[in-house]
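Okay, here's what each chain looks like letter by letter:
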Amino acid sequence: MNLLTLLETKRDGQSLNTLQWQEFIAALTAGQLPDYQVAAFLMAIYFRSLDGAETRDLTLAMRASGDCLEWLPDPARPVVDKHSTGGVGDKVSLPLAPLLAELGFRVPMISGRGLGITGGTLDKLESIPGYCTALDAARIHRQVEDLGCVITGQTERMVPADQRLYALRDVTGTVPSIPLITASILSKKLAEGLAVLVLDVKHGAAAFMRTREQARDLAVSMVRLGQACGVNTRALLTGMDTPLGRCAGNWVEVQESVACLSGQGPADLAALVVECAAHVLVATGRTPELGAARSRARQVLLSGGPLDRWERMLRAQGAEMEIYHSLLASGGLKAEEAVVQAPRSGWVAGCDARLVGEVVRDLGGGRLTRESEVDPRVGVLDLRQAGEPVQRGELLARVRARTPGEAAAAAARLLGAFHLADAPPPPTPLVAEVITG
Ligand code: URA
C-alpha cells in the first residue's frame, strides 16, 4: 500500500474506494505507516472531507481492526447502548446502564476517559475504590449475560485503529471533522454488536459542536451510517450551555448518579436518563409510543431495581463496597471546601458550563493531556440551576479542592460562571430535536 498515493488523491479532493480504506487501516494497525504521513493524510481528510461511502468504508475498516463482541441471538433481550458526545456534568451513562438492564436489555457500555473540560465516564467510575474498567471480552460477555450491564473501557484489542488515529488527531488539530468523528465513534459502537444505539449529541458552550446546526450535521452523519450498518440508530440533540445536574467532578458525579437512582437526583438529570431509556424502548419496539415509554422508564427508575443492579455491577467489577458505602454516607473523599455566594438577589439566568468545566479541570478533576492523572476528590457541587431564584448571600455553588487556597481561587473564578438577572430566563427544552434517519 502506498500511502503517498492515497494522500495525494485525498489532497486533490477525490474519493478513495473500499479496498484503499481497508489497506490503509490494515497498514496503520500493523504499525507500517509513519506518523508524519498519517498526520498529513488526516489533514487532507479534514479539509477535503469524506463522502458517505468513504465514511462507511473507513468506519467498517476501523471496526474490523480488532475484536468485536458477538452475542447469542435473544430477541427478548436486545443488545443496546447510548453514547454521548460529552459535556460538563454529563453522568447519564451511570444511572442509565442499570436502568436499561432492569428494563430487560443487554448493555455492553464501552466508555471513554475525559479530555479537557469534558468529564469521562471511566474517570468517574474509577473514583469508586477497586472498580475495574479493564475487562477482557470474555468478562464483558459473562457480566452482560448474567447481570444485564457492564460499564468498562475499550480493550487493547478493540478498534486499535481508532486509538492510533485519535492520538494523532488530538495533536494535529484534526479532531473536529464530522466524518472522522463519525468513524471514530461508530467504529467503537459497531464493535459492541448492538441492535439499537441512542446518541446524545450535545451543542452549546461546553460541547464539541458549538451550534445546533453543527450538532445536527454530526447526528445525521452518525444516524445514517448506523442505520446503513444494520444498527437501529437515533440521535437526540441536547443543549450543553449549562451543566447537567448540580455537580461536576468525578466522585461528586457518582454521588449524584446514586441520588438519581434513589429518586433524589436533580430533575434535569433524571429527565435525560428517562428520555434516553424511552428512546431505546421505542426503537426496540418494546413500547412503541414515546409517552408510554417515558412513563415506563420513569416508573422502573424509581422502583429501586436499577439502584440494586448498579450495586451488583459495582460488586462484579471489584468495587470495595464497604468503603463505597462509607464514602456515600460521609459525603465523599476528604477535600478542602469553599463556597460561592450570590452577590445580589435575582434569578439564575445562566451558568456557563464551559467555565465550570475549566474550573473542575484546573482543580485536577480533568485532563490537559491524555497522560494526566485525574483527582477523584475535586469538583463543584450544589450548583444553582438556570431559572432558580436566589437571595443575596445565598449559596450558588460549593467547590472541593486539594488545598484551601485552590478552593478559594476556584470559588472566585466560578462566580464568573453565573449570570444573575431580574427575571427568569425562558425555559429551554430538554431535547431540541430527535434525528431518526
Ligand atoms: N469521541 C470519540 O470517541 N471520537 C471522536 O472523534 C470524538 C469524540
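Higher on the page you've got the structure.
Residues numbered from 1 in each chain as written. Predicted model: local features only at pLDDT ≥ 70, side-chain atom pairs only at ≥ 80, totals over all residues. Heavy atoms only, no water.

Novice: Looking at this structure, how should I read the overall build of the protein chain?
Specialist: Check the secondary structure of the protein chain and you find 17 helices and 13 strands. For 437 residues, the compact-globule estimate of 2.2 N^0.38 gives 22 Å, and the protein chain sits close to it at 22 Å. The principal-axis extent of the C-alpha atoms belonging to the protein chain is close to 65 × 45 × 40 Å. Within the protein chain, contacts between residues separated by at least 24 positions form 79% of all contacts whose residues are at least 6 apart in sequence. Of the accessible surface of the protein chain, which amounts to about 17,400 Å², a share of 52% is contributed by carbon and sulfur atoms. The protein chain carries 45 positive and 49 negative side-chain charges, and their two centres are separated by 2 Å. (Helix = DSSP H or I, 4+ residues; strand = E, 2+ residues; numbered from the N terminus. Rg over C-alpha atoms; globule rule 2.2 N^0.38 Å. Contact = heavy atoms within 4.5 Å. Areas by Shrake-Rupley, 256 points an atom, 1.4 Å probe, with all protein chains shown as cover. Lys, Arg positive; Asp, Glu negative; His and termini not counted. Charge placed at Lys NZ, Arg CZ, Asp CG, Glu CD.)

Novice: What exactly am I supposed to notice about the packing of helix α9 (residues 178-190) against helix α10 (residues 212-228) here?
Specialist: Packed helices, taken two at a time, are described by their axes: the angle between them and the distance between them. At a closest axis distance of 10 Å, the pairing of α9 and α10 adopts a crossing angle of 45 degrees. Between α9 and α10, the crossing angle belongs to the class labelled oblique. Seen from above, α9 lies across α10 with right-handed handedness. Taking contact as the criterion, the partners of Ile-178, Ile-181, Thr-182, Ile-185 and Leu-186 in α9 are, on α10, Gln-214, Asp-217, Leu-218, Ser-221, Met-222, Leu-225 and Gly-226. (Axes fitted to C-alpha atoms, helices over the stretch in contact; angles between N-to-C directions. Parallel < 35°, antiparallel > 145°, perpendicular 65-115°, else oblique. Left-handed = near helix turned anticlockwise from the far one by under 90°.)

Novice: How should the pattern of salt bridges be read in this particular structure?
Specialist: Proximity of charged atoms lets side chains of opposite charge pair with each other. Enumeration over the complete set of coordinates arrives at 34 salt bridges. A salt bridge links Arg-315 to Glu-311; its shortest N-O distance comes to 3.9 Å. Linking Arg-315 with Glu-311, this pair stays in helix α14 (residues 305-316), spanning four residues, or about one helical turn. Residue classification places Glu-311 among the buried positions, given a relative accessible area of 18%. Salt bridges linked by common partners bring Arg-113, Asp-123, Glu-126 and Arg-367 together as one network. (Salt bridge = Lys/Arg side-chain N within 4 Å of Asp/Glu carboxyl O. Buried < 20%, exposed > 50% of the residue type's maximum accessible area, 1.4 Å probe, protein only.)

Novice: I keep staring at the state of the cysteines and nothing clicks. Help me out?
Specialist: In a disulfide, the sulfur atoms of two cysteines are covalently bonded to one another. This structure, assessed with the given rule, holds zero disulfides. Its sulfur unpaired, Cys-132 is 15 Å from the next cysteine sulfur, which belongs to Cys-149. The thiol of Cys-351 is not disulfide-bonded; the next cysteine sulfur, from Cys-247, is found 12 Å away. (Disulfide = S-S within 2.5 Å.)

Novice: Help me out: how do you make sense of the sheet that holds strand β11 (residues 395-401) in this one?
Specialist: Working definition: the strands of a sheet are paired by backbone hydrogen bonds and lie parallel or antiparallel to each other. On the basis of which strands lie adjacent, the open sheet formed by four strands has the order β6-β9-β11-β7 and antiparallel pairing. With one partner strand each, in any of the chains shown, β6 (248-249) and β7 (336-341) form the two edges of the open sheet. Pairing between β7 and β11: six bridges, direction antiparallel. Across the sheet, residue Val-339 finds its bridge partner in β11, namely Arg-398. Contacts from helix α17 (residues 404-415) reach β7, β9 (379-381) and β11 within the one sheet, and its direction differs from that of β7 by about 20 degrees. (Pairing = 2+ DSSP bridges.)

Novice: Can you help me understand the side chain of Thr-287 in this one?
Specialist: Looking at where Thr-287 falls in the secondary structure, it is placed in the loop between α12 (267-283) and α13 (290-301). Note on Thr-287: relative accessible area 14%, which makes it buried. With residues up to four places along the chain from it excluded, the contact list for Thr-287 reads Leu-281, Val-282, Ala-292 and Ala-293.

Novice: Where do I start with unusual backbone geometry in this structure?
Specialist: In most cases, non-glycine residues show a negative phi, while peptide bonds are predominantly trans. Positive phi, normally seen in glycine, also occurs at Ser-49, with a value near 65 degrees. Look at Ser-49 and you get partly exposed, because its relative accessible area is 32%. Unusually for a residue other than glycine, Asp-382 sits at a positive phi of about 55 degrees.

Novice: It is not clear to me how the packing of aromatic side chains should be interpreted in this structure. Could you clarify?
Specialist: The final tally for this structure, using the stated rule, is five aromatic pairs. Each ring, one from Trp-21 and one from Phe-41, has its centre 5.8 Å from the other, and the planes form 35 degrees; the classification is tilted. In this pair, Trp-21 sits in helix α2 (residues 18-29) while Phe-41 sits in helix α3 (residues 35-48), placing the two residues 20 residues apart along the sequence. On the basis of relative accessible area, Trp-21 is assigned to the buried category, the value being 0%. Aromatic pair Trp-251 and Tyr-324: ring centres 6.5 Å apart, planes at 80 degrees, arrangement edge-to-face. Taken as a pair, Trp-251 in helix α11 (residues 251-261) and Tyr-324 in helix α15 (residues 321-330) lie far apart in primary sequence, 73 residues in all. (Phe/Tyr/Trp six-rings, centres within 6.5 Å; stacked < 30°, edge-to-face > 60°.)

Novice: Whenever I open this one, α15 confuses me. Can you help?
Specialist: Every α-helical turn comprises 3.6 residues, leaving residues that sit three or four positions apart pointing alike. Met-321, Tyr-324 and Leu-327 are the residues of α15 that are buried. Axial view of α15: buried residues confined to an arc of 125 degrees, hence all on one face. Turned more than 90 degrees from where α15 packs its buried face, Glu-322, Ala-329 and Ser-330 sit exposed. The elements touched by buried residues of α15 are α11 and α14. Count one or two residues on from α15 and you reach Gly-331, which has phi positive near 90 degrees. (Arc of directions from axis to C-beta.)

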